[in-house]
Protein chains: 4
Amino acid sequence: MNPVIAVLGRRLRLGVIGGGPGSFIGPTHRQAARLDDRYELVAGCLSSDPARSVSAGMALGLPADRSYASAQALFEAEAARADGMDAVAIMTPNHDHYPSAMAALAQGFDVICDKPMTNTLVEAEQLRQRVSETGLVFCLTHNYSGYPLVRQARAMVTEGLLGEVRMVQVEYVQGGRARPGPGRTAWKTDPERGGASLVMGDIGTHAHQLLRFISGLEVEQVAADAGPIVPGSQAHDYAGAMLRLSGGARGNFWVTQAAAGVENALRIRVSGSQGTLEWAQEHPQVLHFKPIGSPAQTLTPNGPGTLPLAARSSRVAAGHPEGFHEAFANLYSDAAEAIAARRAGQQPDPLALHFPNADDGWMGVRFVDAVIRSSAADGLWSTV
Amino acid sequence: MNPVIAVLGRRLRLGVIGGGPGSFIGPTHRQAARLDDRYELVAGCLSSDPARSVSAGMALGLPADRSYASAQALFEAEAARADGMDAVAIMTPNHDHYPSAMAALAQGFDVICDKPMTNTLVEAEQLRQRVSETGLVFCLTHNYSGYPLVRQARAMVTEGLLGEVRMVQVEYVQGGRARPGPGRTAWKTDPERGGASLVMGDIGTHAHQLLRFISGLEVEQVAADAGPIVPGSQAHDYAGAMLRLSGGARGNFWVTQAAAGVENALRIRVSGSQGTLEWAQEHPQVLHFKPIGSPAQTLTPNGPGTLPLAARSSRVAAGHPEGFHEAFANLYSDAAEAIAARRAGQQPDPLALHFPNADDGWMGVRFVDAVIRSSAADGLWSTV
Amino acid sequence: MNPVIAVLGRRLRLGVIGGGPGSFIGPTHRQAARLDDRYELVAGCLSSDPARSVSAGMALGLPADRSYASAQALFEAEAARADGMDAVAIMTPNHDHYPSAMAALAQGFDVICDKPMTNTLVEAEQLRQRVSETGLVFCLTHNYSGYPLVRQARAMVTEGLLGEVRMVQVEYVQGGRARPGPGRTAWKTDPERGGASLVMGDIGTHAHQLLRFISGLEVEQVAADAGPIVPGSQAHDYAGAMLRLSGGARGNFWVTQAAAGVENALRIRVSGSQGTLEWAQEHPQVLHFKPIGSPAQTLTPNGPGTLPLAARSSRVAAGHPEGFHEAFANLYSDAAEAIAARRAGQQPDPLALHFPNADDGWMGVRFVDAVIRSSAADGLWSTV
Amino acid sequence: MNPVIAVLGRRLRLGVIGGGPGSFIGPTHRQAARLDDRYELVAGCLSSDPARSVSAGMALGLPADRSYASAQALFEAEAARADGMDAVAIMTPNHDHYPSAMAALAQGFDVICDKPMTNTLVEAEQLRQRVSETGLVFCLTHNYSGYPLVRQARAMVTEGLLGEVRMVQVEYVQGGRARPGPGRTAWKTDPERGGASLVMGDIGTHAHQLLRFISGLEVEQVAADAGPIVPGSQAHDYAGAMLRLSGGARGNFWVTQAAAGVENALRIRVSGSQGTLEWAQEHPQVLHFKPIGSPAQTLTPNGPGTLPLAARSSRVAAGHPEGFHEAFANLYSDAAEAIAARRAGQQPDPLALHFPNADDGWMGVRFVDAVIRSSAADGLWSTV
């Protein structure tokens, strides 16, 4: 049963900002919104160039009068329509997340926003504050936490199957910036738009959020070394860190976009007193659980041992792999449940509330900030 | 660019037959239709029970007047509407594929149909003939051939990277029927509805089509042993066979639904004079290529070495796994290109025409028939 | 504690026939004999050329007077010495296994013999009979059954962890004969020396023995297709078969040496009413167990869940991989326990008696014979 | 051809210190010495208890008069024999490595010594100095560098296939100390015997040596966090570090023995400008090479692409896995070549000189010292 239609009698009306022609993340967001049929795309500002925005909107099937030339125009016009959009998804360059999200909240729209939440700590704090004040839904698309087995991992930790968590290793290794030169997306290497640490904003925040999501622990202190490793590069393309986690646990952190030939190797290992979990994004359909004193287990989505949080995050019978799009869609679909419930004055299923929110986004920006501070202080342990 | 909107200025209007509440395959088809935004679901007959059909349609967001109580009502009413559906997707029990598809073709609708195409050889021949006469598009959802790396495998064979194909092993091993008893879907074990060989109709046709799709070879003769292995079972739950393939190649075939604990292990190995390919559905994001005399390669969707047929079948940058839904969607999306082109009087991109069609469906039913004949004759080599 | 020294106060004195310069299997046998220190190599006939035999023996550290020019000379001289060899290991071309083993038995030597036991069924029957009459130890080096996790698999079946075994798939795929031409070892393609079916003698007997060893079932009937697939080849390079196993179980069998680029892919899957086991020789340090209704397990040597038969077959703490040599050595070491016990008039540990013996060798030759008969009769089901 | 017999006309005569009853590492050393038949075990001091030493020696087949009650007795008696031992293998607790090795060198014996080389930096420097002065062979058994594919990795880096190395990640994760309590080997947790940092001495030195061996880089500076994580533990059971490597490369380091359920997960990733290598000890028979812009490769021992250093380190045809024992034996066998050459006044094959030596041992102890210093200074970057 489509829970949005069940509550509202219709799909949520979604607008998008960014993600126009040539974008990778644009289609991803829109596919994620479509997969479970909880949204209808009704409006967009797909480019900062007006003509291009209209043509891109039409290519997506939007009517010409709802393909807007600016985010501000989108907000105002849609707010004025009786059938205007309910929520907006923001997939613009990083520096735009803050103003677009603040403007959307000001008009009463629920927000889905790409990561990192903001480029600066001040913005993150303000945005988080504003979300809290408005009571609107804010979903930050740390999509990797949408994988069924990442959610299974979190649920297993929550259920105590690992005992007390003692150690976490997380790494996110890519090769997209191994070759010298600016890369495909010019704004990313511009600190004004891409942020002070490219690798941390791009993937470090994913790794940090994954660690927090599964382990339930916070990074309290970090000692870091971040910078450019590829000759001629100005932008950070690697960051390593040692972590002190809440409760006395320890962590190891490594992210880079300069590992030639590696594709998208996000990997995590969480060890507790009763066992260890291992998951890797490039093989997301298996979760390795090594309980102390018993044979290692290989868990699969909807296979034996699936806990409720994971079960609701899979659309398939066991053995039918889900991937990147389904993980991304899980965030969209959970946010939709939350938005529909809010609009109907209801409480959503608590299990729906596992999408990353503004608090998570703020913690991510704090972590980036602490890594930069520590690295600048030659690895001094810095409070997050 | 959405190629359907580009050609028609709108999405295709899709109706569905079957796939109502409790169905696994229903949501799968609808998600596949939605993912790439080439279809709009406009009508359906979701149940043979009229009230249930309407309520199920409304739960999907269909208007009450387009939630029909019978397939016939759907065809007639939609044919009469100016904005009526363009195509119909059939996901009813096996015995219904033939009458529903024939009726749809009679009304001029393009057809997407679940497998096996029909339960009998006579029906398959007639349906294939009718498709050919009408010129309408017929897409049979052998979804596993929609995986990007299955298509990469086919393209590599076509390009000659394997040399001359000499041997194919294909196996499809599941555990869903390992426990005695009727299972979740009662109609399947009824030969009138599920077909003469349950395991062959359910998964044997998938394995056969995968073999043909990748290798480009036909099964010419088969020596088979099929039957029930679980105590008390009447329906076939295993089938093994030796294969003689076109051009003198040899094949090995093994399918079962009685392997306790196994999930969905479809696996293929294709060996030619220049190398061997290996692919397994439970890890669909890797294709192993072992060229003679050079190190083994692990190919990934959109990774280095991707050929055009595979490139168009992925939505992602390398390292972002796609799964079952994306493979299924590839068939829907290619069929949409073919349907849109037909309606516009254009030729589709030839690469779009790799979805299984009525000829493939007929070959599958012929194979099932030959397996049953051979097994009944104690393994006599039988012509397909 | 070295169990041979414990029983006899010394190591067993071993002689070897065959395995001289250029041989792969010769060093393998000798390393297997050395690893656990239960044998001392004291004599050999390493070549049928007398001068070459002496020089090869000296290169191994044998004294010149115990490097013999013929097997017969070896047997006679060693039988006459007070400190003569106890046992002989035969690693000559296939056709020589029978006469050498018969001669060794005649002189009272225990025998370790490479597979296949013989080239003909008559020889196999006679050799098995002679072994039985003499009471000497006969160990046939089907080395793959020496892997710790193969033994774990057998023990799990024996313990009933799989329930009733219903289905077995076994495949052995190599690429060494994918290129046309005679290959490295000329005698193998000569039917007089290599046997009537090269692929069956070389690797088909391994696959058959592995199936029997793990499942505890016998192949009762076989329907087969075997022959040469590589253009210009006369020798069998592939064999496929359907199997009827004792107790009504079914099997699938596929072996080839013509799969270009494949190295040594021996793989088995055994399914019972309670679960499925999967093991692959190229990754021998993991055994996959999929119990019905519980998460899949990955078993490792000496990891949790290890049964006694497997525990005694590993020299390591869990996580330290053992390989081909250790598996081979397990047969040698178990045979040594049996030989030492026989000489001391004791009973060996029953767990030591899992090395393949003359009965197993005879069953293997019977299976080869049945495959050839069936294939010659166009796949007629043939009794093994 | 046995290269020791070829040069000396006999095997090397080996004595052992330590590794008596109950030891895991004792049998491992002796198996490693036996596998390639370059040593003959002739003497030993297997226990510090005289009676126990004799009985243990006899259980191994040593004559009673060469089972010594002390290392000193061993050295003196064997030095006095015409047929005395050539080399000694030391596998005593860590604190004994220094005195035993110094005494052995003083008597002119070549030395094979377990790791870590010493417990203190002063000892390491002195031992290294003494080795250099004597010209004797000193082999430190960092056995993981003996794996064929580790050597392949090193050779690929040396050949320039990775371009310039930029980043190295190394982790060594075990679970043996996850449970509170003293563990199996009491001396290890005694700092006087086990060293100042248990985890660093036990496995941290392995990880460090692996990094250096493959990458060819030195760790110049380290910022570290090490300590006990298991409640009640006094001994270090985890150590994390950031590394600055020679030439400006960066490294990430993580070792622990407290990861419940993990067996022996030593893993390394080396990234250069042209590609990335990945290897994991639990699956040592594959080496993943990801060249920039080309499909990822899976290299195997003696498979296509094998370089000479790796080829001489495998005894098998491709596809026949080697494991822990063969890797360990490679060090022994290479050291034997070096020892035999020294005794014969010859130069050994340069490829034989890849076993870890006293310089490597000294670098390992320096690294341990720097980790401890940095951790004590709250992660201050410390020079190695």
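Keep in mind that what you see is a predicted model, and the values were worked out from it rather than measured.

On a plain count of helices and strands, chain A comes out with 12 helices and 14 strands. Taken against the 2.2 N^0.38 rule, which gives 21 Å for 384 residues, the C-alpha radius of gyration of chain A at 20 Å falls within 12% of a compact globule. Each principal axis of the C-alpha distribution contributes one length, and for chain A these read about 60 × 50 × 40 Å. Scored against the burial criterion, the 384 residues of chain A give a buried share of 67%. The contacts of chain A with a sequence gap of at least 6 include a subset with a gap of at least 24, amounting to 67%.

Attention now goes to helix α3 (residues 50-59) of chain B. Looking at α3(B), one finds that the buried residues are B:S53, B:A56, B:G57 and B:A59. The buried residues of α3(B) all sit within an arc of 155° when viewed along its axis, so they share a single face. Elements in contact with the buried residues of α3(B): α1 (3-8) of chain A together with β2 (39-45) of chain B. Phi for B:G61, located one or two positions after α3(B), is positive at around 95°.

Attention shifts here to the relation of the copies chain C and chain B. When chain C is fitted to chain B, the best match, at an RMSD of 0.0 Å, comes from turning it 180° and sliding it 0.0 Å along the axis. Such values leave the two copies arranged in the relation of a two-fold axis.

A few words on the relation of the copies chain A and chain D. With an RMSD of 0.0 Å, chain A superimposes on chain D once it is rotated by 180° and translated 0.0 Å along the axis. Taken as a fraction of all interface residues of chain A, those also at the interface in chain D reach 100%, which identifies the copy contact as same-surface.

It is worth spelling out the interface of chain C and chain B at this point. Between chain C and chain B, the residue contacts involve 49 residues of the former and 49 residues of the latter. Carbon and sulfur atoms make up 55% of the area that chain C and chain B hide from each other, which totals about 3,600 Å². Put simply, chain C and chain B have 8 salt bridges between them. One salt bridge in this structure joins B:R269 and C:E171, with 3.1 Å as the shortest N-O distance. The interface formed by chain C and chain B contains 21 residue pairs in polar contact (both at pLDDT 80 or more).

Let us now look at the packing of aromatic side chains. One pass over the structure, following the stated rule, counts 44 aromatic pairs over all chains. With centroids separated by 6.2 Å and ring planes inclined at 15°, the aromatic side chains of C:F24 and C:F324 adopt a geometry described as stacked. Highlighted residues: C:F24 in the loop between β1 (12-18) and α2 (25-35) and C:F324 in helix α11 (residues 324-343), separated in sequence by 300 residues. The class for C:F324 is buried, based on a relative accessible area of 3%. Grouping aromatic residues by their ring pairs yields a cluster made of A:F24, A:Y39, A:Y144, A:Y147, A:Y172, A:W279, A:F324, A:F328 and A:Y332. In this structure, B:R128 is placed above the aromatic ring of B:W362, and the distance from its NZ or CZ to the ring centre is 3.7 Å.

This part covers the interface of chain A and chain D. Across the boundary between the two partners, chain A contributes 49 residues, which contact 49 residues of chain D. Linking chain A to chain D there are 8 salt bridges. The partner of A:D225 in a salt bridge is D:R250, and the shortest N-O contact between them spans 2.9 Å. Linking chain A with chain D are 22 residue pairs in polar contact (both at pLDDT 80 or more). For the side of chain A that touches chain D, the elements supplying multiple residues, two or more each, are β6 (165-174), β7 (219-227), β8 (238-245), β9 (250-256), β10 (264-272), β11 (275-280) and β12 (287-291) of chain A. Counting residues per element, the side of chain A that touches chain D draws most heavily on β9(A), which supplies 6 residues. Looking at the side of chain A that touches chain D, its residues break down into 22 nonpolar, 15 polar and 12 charged.

This part takes up the UniProt feature "domain: GFO/IDH/MocA-like oxidoreductase" (unreviewed entry) in chain A. Feature annotation in UniProt places "domain: GFO/IDH/MocA-like oxidoreductase" (unreviewed entry) on residues 150-278 of chain A, given in this structure's numbering. As annotated, residues 150-278 of chain A has a helix share of 24% and a strand share of 36%, and its two end C-alpha atoms lie 10 Å apart.

Here the focus is the sheet that holds strand β4 (residues 110-113) of chain C. Residue and element names in this part refer to chain C. The 5 strands lie next to each other as β2-β1-β3-β4-β5, forming an open sheet whose pairing is parallel. The open sheet has two edge strands, β2 (39-45) and β5 (138-140), and neither has a second partner. Neighbouring strand axes in the sheet, compared pairwise and without regard to direction, differ in orientation by 20° on average. As defined by bridge partners, β1 adjoins strand β3 (residues 87-91) across 5 bridges and the pair is classed as parallel. Pairing of L14 across the sheet is with A87, part of β3.

Here the focus is the environment of D:L105. Residue and element names in this part refer to chain D. You can see L105 is positioned in helix α5 (residues 94-106). On the basis of relative accessible area, L105 is assigned to the buried category, the value being 3%. Separated by 32 residues in sequence, L105 and V137 have C-alpha atoms that sit 9.2 Å apart. Those residues in contact with L105 that lie beyond four places of it in its chain are V111, L127, R130, V131, T134 and L136.

Using the residue numbers shown here, the UniProt feature "domain: Gfo/Idh/MocA-like oxidoreductase N-terminal" (unreviewed entry) corresponds to residues 13-139 of chain A. When the span residues 13-139 of chain A is considered, its composition is 46% helix and 19% strand, and the gap between its end C-alpha atoms is 16 Å.

On to the side chain of A:R250, then. If you trace the backbone, A:R250 turns up in strand β9. A distance of 2.9 Å separates the side chain of A:R250 from the side chain of D:D225, its partner in a polar contact. At 2.8 Å, the side chain of A:R250 and the side chain of D:Y238 are in polar contact. Those residues in contact with A:R250, other than ones at most four positions away along the chain, are A:R166, A:M167, A:V168, A:L243, A:R244, A:L245, D:D225, D:I229, D:Y238 and D:W254.

Turning our eyes to something else, we now look at the packing of helix α4 (residues 71-80) of chain B against helix α5 (residues 94-106) of chain B. Residues and elements named next belong to chain B. Interaxial distance between α4 and α5 falls to 10 Å at its minimum, and their mutual angle equals 10°. In terms of orientation, α4 lies roughly parallel with respect to α5. Of the residues in α5, those touching α4 at A71, Q72 and F75 are S100, A103 and A104. Residues belonging to the contact of α4 with α5 are distributed by class as follows: 4 nonpolar, 2 polar and no charged.

Let us now look at the environment of C:A280. Relative to the helices and strands, C:A280 is located in strand β11 (residues 275-280). Considering only alpha carbons, one finds C:A280 and C:G319, 39 residues apart in sequence, at a separation of 17 Å.

Moving on, we come to the domain arrangement of chain A. Residues and elements named next belong to chain A. Along its sequence, chain A is organised into domain 1 (3-144 + 332-355) and domain 2 (147-317 + 363-383). Listed per partner, the contact involves 26 residues of domain 1 and 29 residues of domain 2. Both faces considered, domain 1 and domain 2 share a buried interface measuring about 2,200 Å² in area, 55% of it formed by carbon and sulfur atoms. One salt bridge connects E337 with R312, and the closest N-O pair in it is separated by 2.7 Å. Every element with two or more residues in the side of domain 1 that touches domain 2 is listed here: α5 (94-106), α6 (121-134) and α11 (324-344). Of the residues that constitute the side of domain 1 that touches domain 2, the class distribution is 11 nonpolar, 10 polar and 5 charged.

Cut-offs used in this document
- Residues numbered from 1 in each chain as written.
- Chains lettered and ligands numbered in written order.
- Predicted model: local features only at pLDDT ≥ 70, side-chain atom pairs only at ≥ 80, totals over all residues.
- Heavy atoms only, no water.
- Helix = DSSP H or I, 4+ residues; strand = E, 2+ residues; numbered from the N terminus.
- Rg over C-alpha atoms; globule rule 2.2 N^0.38 Å.
- Buried < 20%, exposed > 50% of the residue type's maximum accessible area, 1.4 Å probe, protein only.
- Contact = heavy atoms within 4.5 Å.
- Arc of directions from axis to C-beta.
- Least-squares fit on C-alpha atoms with pLDDT ≥ 70 in both.
- Buried area = accessible area lost by both parts, 1.4 Å probe.
- Salt bridge = Lys/Arg side-chain N within 4 Å of Asp/Glu carboxyl O.
- Polar contact = N/O pair within 3.5 Å; in protein donor to acceptor, adjacent residues only side chain to side chain.
- Phe/Tyr/Trp six-rings, centres within 6.5 Å; stacked < 30°, edge-to-face > 60°.
- Lys NZ or Arg CZ within 6 Å of the ring centre and 35° of its normal.
- Nonpolar A, V, L, I, M, F, W, Y, C, P; charged D, E, K, R; others polar.
- UniProt positions renumbered as here; feature names shortened; annotations may be inferred.
- Pairing = 2+ DSSP bridges.
- Axes fitted to C-alpha atoms, helices over the stretch in contact; angles between N-to-C directions.
- Parallel < 35°, antiparallel > 145°, perpendicular 65-115°, else oblique.
- Domains from an automatic or database assignment.

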